[in-house]
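# Summary of structural features
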Amino acid sequence: MNMSSIKRFSARDTNVLPSHFYNIKADLPTLPKPPLHPETRQPLNPQDLEPVFSKGFIAHEGSMERFVPIPDAVQEIFALYRPTPLIYATGLKKALGTPAHIFYKYEGAGPMGSHKSNTALMQAYLAARENIETLVTETGAGQWGSALAHAGALFGVKVKVFMVRVSYRQKPGRRILMEMFGASVEESPSPKTQSGARFYDQNPDHPGSLGIAISEALELAVKSPATRYSLGSVLDAVLMHQTVIGQEADLQMAAQGAEPDVVIGCVGGGSNFGGIAFPFVRKRLKEGRSIRFIAVEPEACPSLTQGELRYDHGDTAGLTPLLYMHTLGMDFVPAPIHAGGLRYHGMAPLVSHLASLGIIEPRVYPQEHIFEAGHLFFKAEGILPAPESSHAVAAAIDEALKAKNEGREKVILFNLSGHGLLDLNAYARNGNGSRNA
Ligand SMILES: *Cc1c(COP(=O)(O)O)cnc(C)c1O
């Protein structure tokens, strides 16, 4: 092999891998209402967040730059798994007999099997740069906790995770992954924080919730000097980090001469949806393209379709700033559905805002329906979607069937936010997602 013409080896595919995150706030006709201080209820100063987040993260959260550079060190690590594949769903198209063209972006190719690593790596990098010793966070089903544990191990930052007790006991797989990376994992509610003890003292077997686990992690971060908090969704900066997904998809589709008519994602806190959709929202706002956007949520936790748009806390103890968002209320405890990553009472302020502007169409599906869609997709494509991602699959199938009825060659793009290989029990309990099983 003649390597004389190669200057330097790199895993980076520079043709597709973005060098910047895209910040949609630079292109919006109006901005969402600002976050408020939890006590004074006045707009938050960036300095108010310094006991909680790294300074670099706070700068990303407040940035109004359209394109924010991705540091070289992070681009190098992204290259372990990015660009993720953009797949033309040949099998699904055939199974549905539809003239629609269905593309999906496979974020399950990430190291921990979901899109969460995109922001985890960036956040761990920012923490390491400021010599922050420990990042503390919460996790429900464990996708976020395992992504941050991996990122912390890569950048030399310790990771401590409060894991919702039901998941800790029922889904040991994700906990084992976190511990293998050296993270410490605590069942939440725990007796170790005031926010946790309130519930733990009454019932040491309290099942827990994401809201309680967030309060515990925040409390610990604020109390300990070399410790900061890390959040895996909801915030503007997290959605911005996820835009590598949509930027890649845009280039990958353009390389085939395609552009989506509709972009679909599931929504828990809103980050994988924002990540795939926002670069295309820019095309609609700035280039006048007629692209539709569908955000899909579970019937058991319908914050976008049923929640009020108002100021609310992001946690149960009321420690977080007040965010202007679609919310079911900070005390809302969703039924224990299998799409654990979608069981959050609120919705990203940016996604809430775009829904109120009529740019995003929210949609809701019941659990039986999404397991059927996930099973159909598995048989057709050979990839098992995470139960969360199956919400996007279900909407993509419905759009493809609508195109079939209309005899239209619609182009559909959806985000397959993660794989379901650690969710096999959930598929088994739902009759393998098939009606006749
Ligand atoms: C966490 C998670 C979600 C939901 O979170 P968003 O912030 O709304 O993206 C969806 N899919 C997978 C696979 C997840 O891990």
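In what follows, the accompanying structure is described.

Here we come to the pairing of strand β14 (residues 411–416). Burial analysis of β14 places six of its six residues in the buried class, the great majority of the element. Residues V411, L413 and N415 line one face of β14 and the alternating positions I412, F414 and L416 line the opposite face, and both faces are buried. Looking at chain direction, strand β4 (residues 101–106) and β14 are connected through six bridges and run parallel. From the neighbouring strand, H101 faces β14, where its bridge partner is V411. Where strand β9 (residues 262–266) meets β14, three bridges bridge the pair, whose relative direction is parallel. Looking at β14, one finds that I264 is bridged to F414.

This part is about the environment of N405. Mapping N405 onto the fold places it in helix α16 (residues 387–406). Residues N405 and R429, spaced 24 residues apart in sequence, show a C-alpha to C-alpha distance of 33 Å.

Attention now goes to the nonpolar core. Counting residues in hydrophobic clusters, the biggest one holds 88 residues, and the most contacted among them are Y229, F278, F293, V351 and L413. Per-element tally for this core: the top contributor is helix α4 (residues 117–129), with seven residues. Residues contacting F293, with those up to four places away along its chain left out, are V263, F273, A277, F280, V281, R284, I359, I360 and E361. Listed in part, the 31 residues of the second largest apolar core include L96, A395, I412 and L416.

Looking now at the side chain of S63. With respect to the secondary-structure elements, S63 resides in the loop between α1 (55–62) and β2 (67–69). Relative accessible area serves as the criterion here: at 11%, S63 is assigned to the buried category. Not counting chain neighbours up to four residues away, the residues in contact with S63 comprise N23, K25 and V68.

Turning our eyes to something else, we now look at unusual backbone geometry. Phi is mostly negative for residues that are not glycine, and the peptide bonds are mostly trans. Here the bond from R82 into P83 is cis, since omega is -5°, no more than 30 degrees from zero. Looking at the element boundaries, P83 is found in the loop between α2 (72–78) and β3 (86–88). Omega for the peptide link from S188 to P189 comes to 0°, which places this bond in the cis form. With respect to the helices, strands and loops of the structure, P189 is situated in the loop between β7 (184–188) and α8 (194–200). Not every positive phi belongs to a glycine, and R41 is a case in point at roughly 60°.

Thresholds, definitions, all that
Residues numbered from 1 in each chain as written. Predicted model: local features only at pLDDT ≥ 70, side-chain atom pairs only at ≥ 80, totals over all residues. Heavy atoms only, no water. Buried < 20%, exposed > 50% of the residue type's maximum accessible area, 1.4 Å probe, protein only. Helix = DSSP H or I, 4+ residues; strand = E, 2+ residues; numbered from the N terminus. Pairing = 2+ DSSP bridges. Core = buried A, V, L, I, M, F, W, Y, C linked by side-chain atoms within 4.5 Å. Contact = heavy atoms within 4.5 Å.

The values are spatial; any link to function lies outside them.
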